[in-house]
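# A structural walkthrough
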Amino acid sequence: MSLRQTIKQLPFIYSYPLFRSFSSSSAHQDPYSLLKEDPIDICSSIWVKSFSSPSNFTFSNLTGFLSKLDLWVLAYQRSCAHVTGKFPPRNALHSHALHSLLSLQTAVVHNRFKWNDKAHQILRNPNDGPSTNLVSKRKLRAMVDSDDPCFQDRVVQEVLLMVLEPLFEARFSRKSHAFRPGRNAHTVIRTIRSNFSGYLWFLRGDLSDILDDVDADVVMGCVEKVVRDKRVLSLITNALGAPVRIREMGNIGDGEQSRNKKKRKSTKKKILNENESKPDPYWLRTFFDFAPEEAAKIPTYGYCGILSPLLANVCLNELDQMMDEKIVDFFRPNKLDSIWKYSIDDACHNPSWPEFVPSSGKQKTRKMDYVRYGGHFLIGIRGPREDAVQIRKEIIEFCERKFGIRLDNSKVEIEHITRGIQFLDHIISRRVIYPTLRYTGSGGKIVSEKGVGTLLSVTACLQQCMSQFRRLKFVKGDKDPEPLPCTPMLYSGQAHTNAQMNKFLETMADWYRYADNRKKVVGFCAYVIRSSLAKLYAARYRLKSRAKVYKIASRDLSRPLRESSNNSAPEYSDLLRMGLVDAIEGVQFSHMSLIPTCDYTPFPRNWIPDHEQVLHEYLRLQDPKFFCDLHRSIKHQGLSLPQDEISEIVWDYKTLGVRRY
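Not measured: the values here are computed from a predicted model. (Residues numbered from 1 in each chain as written. Predicted model: local features only at pLDDT ≥ 70, side-chain atom pairs only at ≥ 80, totals over all residues. Heavy atoms only, no water.)

### A few points about unusual backbone geometry
Although it is not a glycine, L424 sits at a positive phi angle of roughly 55 degrees. Relative to the helices and strands, L424 is located in the loop between β6 (421-423) and β7 (426-433). A relative accessible area of 0% means that L424 is categorised as buried. (Helix = DSSP H or I, 4+ residues; strand = E, 2+ residues; numbered from the N terminus. Buried < 20%, exposed > 50% of the residue type's maximum accessible area, 1.4 Å probe, protein only.)

Listed below in structure tokens is the structure:
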């Protein structure tokens, strides 16, 4: 078929009648009659089935879930929310969208779906209007060659993610925290604070090359250990085998023309369409630019899209499982040590103060722990440096054998705790302290004794924070940074500017929530933002200096500012009373007393997210053996009174600082 004939047929490809070529049965079938179940119940059943199955169980029939139109409707709703910024209700979906969704489902189930097929889109983007005009050759080429992801690919990725994520979540190690529900960078920092006290040597590894590119055979080999469904495996294989698009360099004249076009486009203000979602606000874009090195990179494999983080975790789970075995084999208890005397989960120091480790003699327990966030991992070793060197050698050999990636020693660095280890923009170090330990002894007497030990310190890296501000052009200079005016907010009002910066400061304060120097680093951020806004207001309202701005608007910039030349303007209080202006919020954290302190809430050593706790509790209640054991214990021991439980809770908090589970 010639290109002209193909172009003529393009407008009608999107119309519903030609979808009959995919499946005659789906064209005549009413999609409303197929909506019988709640998609949340379907997803819950997958989670329950996955967590109740053995770890070596394989799932060979997942096509039944792909055949449920309810899941596709939920995937379409989530994709629309991502594209338009609005989650459409189920009863508000148009009939043509449901028919297109049914045709897309039929194409996927019958192996007729192609990734990134922009010339033959079965399901269109909700922002695109109905196409009734002919498509020119130039527009067709621009549409096919564009890097914008295809909307129908996003819907298929959502369905695969809802089906595959529960299967692998039940088999992932508890040591990994990135790209997983219920886990984030804060859980990594709290795990380090709770579990990594007492370690001397640290291995800080960088496996970010896996996030950039990985062999499709390696990924499929890891996926096939759990999934055996041929249709699902075929979809993932085709998505991973997407060709890499390389842009060819044009001549010099073309480069100059493209640069001039970029300059002209940058000067024009973009007008959003009626259904187009608004871009992220300035404060959120600024906070994303503060992302640490470990969290800045998100994997992208071919046309996998939102499936890529899950597939990256599937591959790196092999390293997690290997390290779990190494941790058990490495453990050598010593009764002369202050902690971990008997078992690997033993912790003889106070659980309410896990950062403090009492001093012990030269004989120490050999122990190791491991945590991973994305392509970066951290290993703590309690033992000689030779053990750290041996562990590094084994990790390098494993990555080369399993992933085909050669790592040098610079990718897996060995550092001592006294030098400080930077991970997720936090510095892990220790110091010797001499606290007075008070505890309740026998007979209810309070015993006080002088102790000595090391305290694990997790502090925010102020130099890294300063360099991020310098990169975003909020400050200049190295030794004595000088704030710069916040020029992106030049044409915004004082109320809107203060509100944007307050959201940014609140987010920064929450990011450094578990840092020992939280007040210091948040105070520095507040000083930079407040000084930057003061310089901005001095330029906008022609006040010449920050001092005059602070004199009129006060320290937190909450009082209204106006140009001195416009003396005839009405007072701000009158405009505020009439509702013509917004109330001006003061910039937060203008005083150190207003900054919250570090959150030292105890973190359980074997912590799991809330949704996994609910799943385990649900499965335990479904087991008849649990009720038999409960009936037997009640028969032999009797029912416990509430007073007894309260006394046990009080005793646990007095002796341990936390409730014993």
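So, next bit.
### Here's the deal with the nonpolar core
Here is a general trend for soluble globular proteins: nonpolar side chains tend to be buried in one another's company. If you look at the biggest cluster of nonpolar residues, it comprises 90 residues, and the most contacted ones within it are L164, V227 and I379. If we ignore the near neighbours within four places in the chain, the residues touching L164 are L62, V227, V232, I236 and L310. I339, V521, V522 and L543 belong to the second-largest nonpolar core, a separate cluster that totals 62 residues. (Core = buried A, V, L, I, M, F, W, Y, C linked by side-chain atoms within 4.5 Å. Contact = heavy atoms within 4.5 Å.)

### Things to note about the sheet that holds strand β1 (residues 201-206)
Strand order in the open sheet formed by four strands is β3-β4-β1-β5, with antiparallel pairing between adjacent strands. The sheet is open, and its two edges are formed by β3 (367-373) and β5 (412-416), each paired on a single side. Mean inter-strand twist for the sheet, computed between neighbouring axes without regard to direction, equals 20 degrees. In this structure, β1 lies alongside β5, joined through five bridges in antiparallel fashion. (Pairing = 2+ DSSP bridges. Axes fitted to C-alpha atoms, helices over the stretch in contact; angles between N-to-C directions.)

### A short note on the sheet that holds β7
Taken together, the four strands give an open sheet; going across it, the order is β2-β10-β7-β6, and neighbouring strands pair in antiparallel fashion. Single-partner strands in this sheet number two, and they are β2 (356-358) and β6. For this sheet, the mean angle separating the axes of adjacent strands, direction not counted, is 30 degrees. In terms of strand pairing, β6 meets β7 through three bridges, oriented antiparallel. Following the sheet pairing, F423 is matched in β7 by H426.

### A few points about the packing of aromatic side chains
This structure, assessed with the given rule, holds 19 aromatic pairs. Look at F290 and F504: their rings are 5.7 Å apart centre to centre, the planes differ by 55 degrees, and that puts the pair in the tilted class. On the criterion of sequence distance, the pair formed by F290 in the loop between α14 (282-288) and α15 (293-296) and F504 in helix α19 (residues 494-511) is long-range, its members being 214 residues apart. Overall, F504 belongs to the buried group, its relative accessible area being 0%. On the numbers, 6.5 Å between centres and 80 degrees between planes, the contact of F469 with F504 is edge-to-face. Residue F469 is located in helix α18 (residues 462-471), and its partner F504 is located in helix α19; the two are separated by 35 residues in the primary sequence. (Phe/Tyr/Trp six-rings, centres within 6.5 Å; stacked < 30°, edge-to-face > 60°.)

### So, empty space enclosed by the protein
Using the criterion set out here, one finds two cavities of 30 Å³ or more in the structure. Empty space within the largest cavity amounts to approximately 70 Å³. Together, R190, R193, S194, P354, E355, Y514, D599, Y600, T601, P602 and F603 line the largest cavity. Its residues assigned to classes, the lining of the largest cavity comprises five nonpolar, two polar and four charged. The calculated volume of the second largest cavity comes to roughly 50 Å³. Considering every element that reaches the lining of the second largest cavity, the biggest residue donor is strand β10 (residues 453-460), with three residues. Partitioning the lining of the second largest cavity into residue classes produces five nonpolar, three polar and two charged. (1 Å grid on protein atoms, 1.4 Å probe; cavity = no way out; pocket = protein on both sides within 12 Å on 5 of 7 lines; lining within 4 Å. Points joined across faces, edges and corners; volume = space filled by probe spheres on them. Nonpolar A, V, L, I, M, F, W, Y, C, P; charged D, E, K, R; others polar.)

### What about the pairing of strand β8 (residues 436-440)?
Inspection of the sheet shows β8 paired to strand β9 (residues 446-450) by five bridges, in the antiparallel sense. Across the sheet, the residue bridging to Y439 is V447, located in β9. Where β8 folds back onto β9 in an antiparallel hairpin, the turn is made up of five residues, including G443, whose phi is positive at roughly 80 degrees.

### Quick notes on the packing of helix α5 (residues 69-84) against helix α8 (residues 151-169)
Where α5 contacts α8, the two axes come as close as 8 Å, and the packing angle between them is 125 degrees. On the basis of the axis angle, α5 is oblique to α8. The hand of the α5/α8 crossing is right-handed. Seen from α5, the contacting residues are L71, W72, L74, A75, Y76, R78, S79, C80, H82 and V83; seen from α8, they are F151, R154, V155, V156, E158, V159, M162 and V163. (Parallel < 35°, antiparallel > 145°, perpendicular 65-115°, else oblique. Left-handed = near helix turned anticlockwise from the far one by under 90°.)

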